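Examination of the molecular architecture
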Amino acid sequence: MVQKTYFKTKDYCKVKFAFKPENAETVEILGLNSDWENAVLMSRKKDGTFSADVNLPKDSKHEFKYRVNETEWINDPEADGLEPNIYGSTNSVISI
């Protein structure tokens, strides 16, 4: 799930990412703000869902992927779209 909260007086949007992969110990978000090096670590909830809140600039577009257990790269099925990447697969896209 990707939930966007816009503020009239702010130049950013608060985005809540929630993702529930099977057999996951850790989930990170990579690629936001074109940063594929510094991951956003998601917090694990009791029901097995991982979530994180991120502020992203308004009028922007970001490619991202989830990295599960530090090895498996997964797209968000509820993202705004998909973009091809240099590895022959796709990245999730969020438009703010």
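Before reading on, note that the structure itself is shown above.
Okay, so let's go over this structure. (Residues numbered from 1 in each chain as written. Predicted model: local features only at pLDDT ≥ 70, side-chain atom pairs only at ≥ 80, totals over all residues. Heavy atoms only, no water.)

A word on the packing of aromatic side chains. Counting across every chain of the model gives five aromatic pairs. Between Phe19 and Tyr66, the aromatic rings sit 4.2 Å apart at their centres with planes inclined by 10 degrees, giving stacked as the arrangement. Taken together, the residues span a long stretch of sequence, with Phe19 in strand β2 (residues 12-19) and Tyr66 in strand β7 (residues 61-68) at a distance of 47 residues. A single burial state applies to Phe19 and to Tyr66, both of which are buried. With 6.4 Å between their ring centres and 45 degrees between their planes, Trp36 and Trp73 make a pair best called tilted. Of this pair, Trp36 sits in the loop between β3 (27-30) and β4 (40-41) while Trp73 sits in strand β8 (residues 72-74), and the two are 37 residues apart along the sequence. For Trp73, a relative accessible area of 38% gives the class partly exposed. Here a set of aromatic residues connected by ring pairs shows up, and it is made of Phe17, Phe19, Phe64 and Tyr66. (Phe/Tyr/Trp six-rings, centres within 6.5 Å; stacked < 30°, edge-to-face > 60°. Helix = DSSP H or I, 4+ residues; strand = E, 2+ residues; numbered from the N terminus. Buried < 20%, exposed > 50% of the residue type's maximum accessible area, 1.4 Å probe, protein only.)

What follows deals with the nonpolar core. Residues Phe17 and Met42 are the most contacted members of the largest nonpolar core, which totals 20 residues. Residue assignment for this core shows that the elements contributing at least two residues are β2, β3, β6 (50-57) and β7. Ignoring anything within four residues of it in the chain, the contact list for Met42 reads Phe17, Ala18, Phe19, Val27, Ile29, Phe50, Ser51, Ala52 and Tyr66. (Core = buried A, V, L, I, M, F, W, Y, C linked by side-chain atoms within 4.5 Å. Contact = heavy atoms within 4.5 Å.)

Another aspect to go through is the pattern of salt bridges. According to the stated counting rule, one finds four salt bridges in the structure shown. Residue Asp80 is joined to Lys4 by a salt bridge in which the shortest nitrogen-to-oxygen separation is 2.7 Å. Of this pair, Asp80 sits in the loop between β8 and β9 (81-84) while Lys4 sits in strand β1 (residues 2-6), and the two are 76 residues apart along the sequence. For Asp80, a relative accessible area of 44% translates into the label partly exposed. The partly exposed category is assigned to Lys4, whose relative accessible area is 27%. Across the pair Lys14 and Asp53 runs a salt bridge whose closest N-O atoms are separated by 3.9 Å. Of this pair, Lys14 sits in strand β2 while Asp53 sits in strand β6, placing them 39 residues apart in sequence. Given a relative accessible area of 35%, Lys14 falls into the partly exposed group. A relative accessible area of 47% places Asp53 in the partly exposed class. (Salt bridge = Lys/Arg side-chain N within 4 Å of Asp/Glu carboxyl O.)

Apart from glycine, the bulk of residues carry a negative phi angle, and the bulk of peptide bonds sit in the trans form. Of note, the phi angle at Asn23 is positive, near 55 degrees, even though the residue is not glycine. For Asn23, a relative accessible area of 71% translates into the label exposed. Unusually for a residue other than glycine, Ser34 sits at a positive phi of about 60 degrees. Looking at where Ser34 falls in the secondary structure, it is placed in the loop between β3 and β4. With a relative accessible area of 66%, Ser34 lands in the exposed category.

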